[in-house]
Amino acid sequence: MSAVGLIIGSIHDNLVLDIKSRSQTKTPFGLPSSPVLEVAFGNHKALCILRHGETSNIPPHMVNYRANIWALREHGVRFCIALSAVGTLDPNFLPGELASPEQLVDYTWGREHSFCNGGTDLRHVDFTCPFDKSLREQLISVAKLSDCFLQSGVYGVTQGPRLETASEIDRLEKDGCTMVGMTAMPEAGLAKELNMSYAICAMAVNFAAGRGDGTVGIHNQIERYISKATGCLSRFINPLIAMLDKSY
Ligand code: HPA
């Protein structure tokens, strides 16, 4: 088994995964979005969950984030990278490119966002730095070999599934956000509660609402950006998994 986990978001249709085994895992919080998949990346393996399900039928606000994080932890995952599609507000981070955010702002509501259940296990985890510093450094060190990776960013997490209004994006920008997506919370907070190192490899698949040419992006445009971003990812995913697997 591997201590390296990947949570693969909506881009999973564009990735060819060499699946070696599948484990259906029940958790105290219900079923995860997919079986835990043992996937080979070159000579190393990672344990993967498809966040939106194998048939991409689970929208961001209905993902069982607690079951996903719990299942990975149960399988021994210590380091988890989330591959997550985002819209970009940052002129230095273009659709088709990747980035590692160092901060987030949470605008979600009504999601099951904690493992603390009102019993005796109440803990206020330190969330000053939502993403693991050393995991980000490792991600950045291999990803900078590609020419399409930005080393910073602030991820605004919206509720979805609808996209944002242009004014909502203006507000996010005033709050310091440089990218917008729908899944980093409660995922990052839950990983922190279980003491799992967690970082995001964000993949820009469109300009945020009101940015770029003003439209969020028609479907085939987004497809083009997804394949550009996954092409970029494929240049360093194997060395990344190898590095994390060895560092355990
Ligand atoms: N907004 C929110 N989530 C997203 C976007 C966006 O523009 N693009 C991909 N995920």
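For the structure itself, look to the data block above.
Residues numbered from 1 in each chain as written. Predicted model: local features only at pLDDT ≥ 70, side-chain atom pairs only at ≥ 80, totals over all residues. Heavy atoms only, no water.

Asks: If you had to explain the overall build of the chain to someone new, which residues and values would you point to?
Replies: Helix and strand counts for the chain come out as six helices and 11 strands. Over its C-alpha trace the chain gives a radius of gyration of 17 Å, about what one expects of a compact globule, namely 18 Å for 248 residues. Along the first, second and third principal axes, the C-alpha set of the chain runs to 45 × 45 × 35 Å. Per-residue burial over the chain gives 54% buried out of 248 residues. (Helix = DSSP H or I, 4+ residues; strand = E, 2+ residues; numbered from the N terminus. Rg over C-alpha atoms; globule rule 2.2 N^0.38 Å. Buried < 20%, exposed > 50% of the residue type's maximum accessible area, 1.4 Å probe, protein only.)

Asks: Which residues make up the packing of aromatic side chains, and what values do they have?
Replies: For any pair of aromatic rings, the description rests on two quantities: the centre-to-centre distance and the angle between the ring planes. Inspection of the entire model under this criterion finds five aromatic pairs. Here the aromatic rings of Phe131 and Tyr198 are separated by 6.2 Å at their centres, their planes lie at 25 degrees, and the arrangement is stacked. Here the residue Phe131 occupies a position in the loop between β7 (103-106) and α2 (133-143), and Tyr198 occupies one in strand β11 (residues 197-207), the gap between them amounting to 67 residues. Measuring from centroid to centroid gives 5.9 Å for Phe149 and Phe236, while their planes differ by 85 degrees, and the two rings are edge-to-face. On the criterion of sequence distance, the pair formed by Phe149 in strand β8 (residues 149-150) and Phe236 in the loop between α5 (219-234) and α6 (237-247) is long-range, its members being 87 residues apart. You can call Phe149 buried: its relative accessible area is 12%. Every member of this aromatic cluster is reached through a ring pair, and the members are Phe29, Trp70 and Phe115. Residue placement shows Arg224 over the ring face of Tyr225; its charged tip is 5.2 Å from the ring centre. (Phe/Tyr/Trp six-rings, centres within 6.5 Å; stacked < 30°, edge-to-face > 60°. Lys NZ or Arg CZ within 6 Å of the ring centre and 35° of its normal.)

Asks: Could you give an account of the nonpolar core, with specific residues and numbers?
Replies: A general tendency of soluble globular proteins is for nonpolar side chains to be buried together. Within the largest apolar cluster, 35 residues are counted, with the highest numbers of intra-cluster contacts made by Leu6, Ile81, Leu98, Cys201 and Phe236. Sorting the residues of this core by element identifies β1 (4-8), β3 (36-41), β4 (44-50), β5 (79-88), α2, β11, α5 and α6 as the ones contributing at least two each. Setting aside residues up to four positions removed in sequence, Leu98 forms contacts with Phe93, Cys148, Phe149, Leu150, Cys201, Ala202, Met203, Ala229, Cys232, Leu233 and Phe236. (Core = buried A, V, L, I, M, F, W, Y, C linked by side-chain atoms within 4.5 Å. Contact = heavy atoms within 4.5 Å.)

Asks: Help me get a handle on the packing of helix α1 (residues 65-74) against helix α4 (residues 184-193), residues and values and all.
Replies: Interhelical geometry of α1 versus α4 gives an angle of 40 degrees and a closest axis separation of 9 Å. Here α4 runs oblique to α1, going by the angle between their axes. Relative to α4, the crossing made by α1 is right-handed. Residue-level contacts link Tyr65, Arg66 and Ile69 of α1 to Met185, Pro186, Glu187, Leu190 and Ala191 of α4. Residue classes in the contact of α1 with α4 are distributed as six nonpolar, no polar and two charged. (Axes fitted to C-alpha atoms, helices over the stretch in contact; angles between N-to-C directions. Parallel < 35°, antiparallel > 145°, perpendicular 65-115°, else oblique. Left-handed = near helix turned anticlockwise from the far one by under 90°. Nonpolar A, V, L, I, M, F, W, Y, C, P; charged D, E, K, R; others polar.)

Asks: Go over the side chain of Glu187, please, and point to the residues and values.
Replies: Considering the arrangement of structural elements, one finds Glu187 in helix α4. There is a polar contact of 2.6 Å between the side chain of Glu187 and the side chain of Tyr198. In contact with Glu187, other than residues within four places in its own chain, are Ile7, Arg51, Tyr65, Ile69, Ala82 and Tyr198. (Polar contact = N/O pair within 3.5 Å; in protein donor to acceptor, adjacent residues only side chain to side chain.)

Asks: Would you mind going over the site of the ligand in detail, with residue names and values included?
Replies: Around the ligand sit Ala85, Val86, Gly87, Leu163, Glu164, Val180, Gly181, Met182, Val205 and Asn206, and those are all the residues in its vicinity. With respect to the ligand, the side chain of Glu164 contributes an N or O atom lying 2.8 Å from a nitrogen atom. Asn206 is positioned with one of its side-chain polar atoms (N or O) 2.7 Å from a nitrogen atom of the ligand. In the complex, the protein chains occlude 90% of the 260 Å² of accessible area that the ligand would expose alone. Listing elements by their share of the shell around the ligand, those giving two or more residues are β5, β10 (179-181) and β11. Among the elements that line the shell around the ligand, the one with the most residues is β5, at three residues. (Near = heavy atom within 4 Å. Areas by Shrake-Rupley, 256 points an atom, 1.4 Å probe, with all protein chains shown as cover.)

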